Each structure stands twice: as C-alpha cells, then as structure tokens.
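One letter stands for each residue in the lines below.
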Amino acid sequence: MPQNQKKSIWIISFLFIAFIIGMMFLGIKFTANHTAVAPENSNVIGGGFQLISPAGSIVNDGIFRGKWMLMYFGATRCPHNQCRNDLIKMGEIINHLENKASQLVPIFISFDSNYDTPSRLMLSMKAYNDKIIALTGGELALRDISILYHVSIKKAPINSDISLVEPYDQFILMDPEGKYRTSIQTGTETHRIVETLESIIQ
C-alpha cells in the first residue's frame with residue numbers, strides 16, 4: 001500500500017476516534033450539569049428501568065412482575081437525616097404488613113450514585129430492614145427513571161464541595177403489572193400507610 005494512502009487512513013481513523021471521544025465527553029458533561037425534571041404534560045407514571053444492586057448485578061423492573069412495588073427515591077445521606085428516617089419507616093411498613101408483605105417488594109433507589117457506590121450501599125443498608133432492595137445507577141439511568149416516575153432530582157448544597165440529595169416526599173406504589181397505582185406521602189404515620197396498602201393489596 002502506498003505511503004500516502006496509509007497516512008490518509010491513519011488520519012481518518014484518528015479523527016473518527018477523536019469524534020467519538022468528544023461526543024462521549026459532551027454526553028457526560030450534559031448529564032452532570034443538568035437536573036432532570038419530570039414533564040408536567042405527561043400523566044403516565046412508571047416505566048422500565050435497569051439499575052445496579054449492592055452486589056454489583058444488573059437489576060431491571062421485569063424481575064418484579066407479579067409483585068407490588070413500593071418505591072422510595074433518595075440517598076443514604078440526605079439533609080436532616082430525612083432519608084434515614086424514611087428508610088426506617090419503610091422497614092416498619094413491611095413488618096406491619098405481615099402476611100401481605102410477601103406480595104410487596106420495597107425498593108429504594110439512590111440518586112447519589114457518586115457516593116452510594118454498590119459497596120457503600122451494601123454497608124449502609126445493613127442498618128435497615130433486609131427486605132428493602134437498594135438500587136442505583138449511572139447518571140443517564142437515574143435521569144431516565146426520574147423522568148419516568150415524575151421524581152425530580154434535587155440537591156441541596158452543604159458547602160462548596162458537597163451537595164446532598166433531597167429525597168422525594170412520597171412512596172410510589174406500582175401494581176404487579178408494573179402500572180402506577182398511587183402515591184403516599186412519606187410523612188404519613190406508619191399505621192395509616194399500612195392501612196392504605198392493606199386496602200389496595202389483595
């Protein structure tokens with residue numbers, strides 16, 4: 001092959017690789033600097049997701065079909081320990097549901113994937129009910145689920161280096177077919193939430 005032709009192929013390959021790297025960089029920069037907000041013109045809540053468990057395995061929504069899903073969105077560290085309190089309440093709800101607890105899967109989705117790595121999630125969740133399934137994911141996956149479930153990702157700056165995720169103030173209940181059923185304020189008393197769930201889960 002002539003030397004000039006080899007040089008042209010090398011230049012084209014280099015430019016192509018540089019283009020791909022540039023697009024990846026722009027994508028990462030975009031997701032890092034934009035807050036996802038659920039569209040107000042859509043009344044459909046829910047959808048497919050693919051996230052990461054504390055064990056590092058990929059988990060998608062399909063494995064929960066046939067079960068009710070009680071979903072909570074936040075992080076292991078939040079302003080005023082709100083996430084901690086909500087996760088404790090989530091565990092109490094499961095305990096009080098008794099027989100109907102087997103029909104429901106409590107799912108905690110952390111929006112702070114930079115801090116809540118799989119290994120840290122595994123360690124943190126030991127303080128809560130072991131039936132709670134903790135999940136997180138990359139920025140794109142978390143942005144997508146925040147849009148699908150109408151849960152805005154908001155962060156409260158603590159100082160110049162640290163911002164904490166503000167938890168969503170509602171538990172979201174999805175039916176065994178993966179369709180939205182209702183939302184319950186996290187501030188509602190535990191026994192009231194249990195009563196609501198017992199009246200819905202049959």
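Above this text you will find the structure in question.
In this text, all values refer to a predicted model and were calculated from it rather than measured experimentally.

Procedures and definitions
Residues numbered from 1 in each chain as written. Predicted model: local features only at pLDDT ≥ 70, side-chain atom pairs only at ≥ 80, totals over all residues. Heavy atoms only, no water. Phe/Tyr/Trp six-rings, centres within 6.5 Å; stacked < 30°, edge-to-face > 60°. Helix = DSSP H or I, 4+ residues; strand = E, 2+ residues; numbered from the N terminus. Buried < 20%, exposed > 50% of the residue type's maximum accessible area, 1.4 Å probe, protein only. Pairing = 2+ DSSP bridges. Axes fitted to C-alpha atoms, helices over the stretch in contact; angles between N-to-C directions. Contact = heavy atoms within 4.5 Å.

S.K.: Can you lay out the packing of aromatic side chains for me, pointing to particular residues and giving the numbers?
M.R.: A complete count under the given rule lists five aromatic pairs for this structure. Ring geometry for Phe73 and Tyr149: centres 6.0 Å apart, planes at 45°, overall tilted. A residue pair is termed long-range when its members are at least 10 positions apart, and Phe73 in strand β3 (residues 68-74) and Tyr149 in the loop between α4 (139-148) and β6 (154-157) qualify at 76 residues. Neither Phe73 nor Tyr149 differs from the other in exposure class; each is buried. One aromatic cluster in this structure is built from Phe49, Phe73, Phe111 and Tyr149.

S.K.: Got a sec to walk through the sheet that holds strand β8 (residues 170-174)? Specific residues and values, please.
M.R.: Taken in spatial order, the five strands line up as β5-β4-β3-β8-β9 in an open sheet, and their pairing is mixed. Unpaired on one side and paired on the other, β5 (133-135) and β9 (180-185) mark the two borders of the sheet. On average, each strand axis in the sheet is inclined to that of its neighbour by 25°, with strand direction left out of account. Here β3 runs beside β8; their pairing, made up of three bridges, is antiparallel. Within β8, the position partnered with Leu70 by the bridge is Leu173. Relative to β3, helix α2 (residues 82-97) is tilted by about 165°, and along the sheet it contacts β3, β4 (104-110) and β8.

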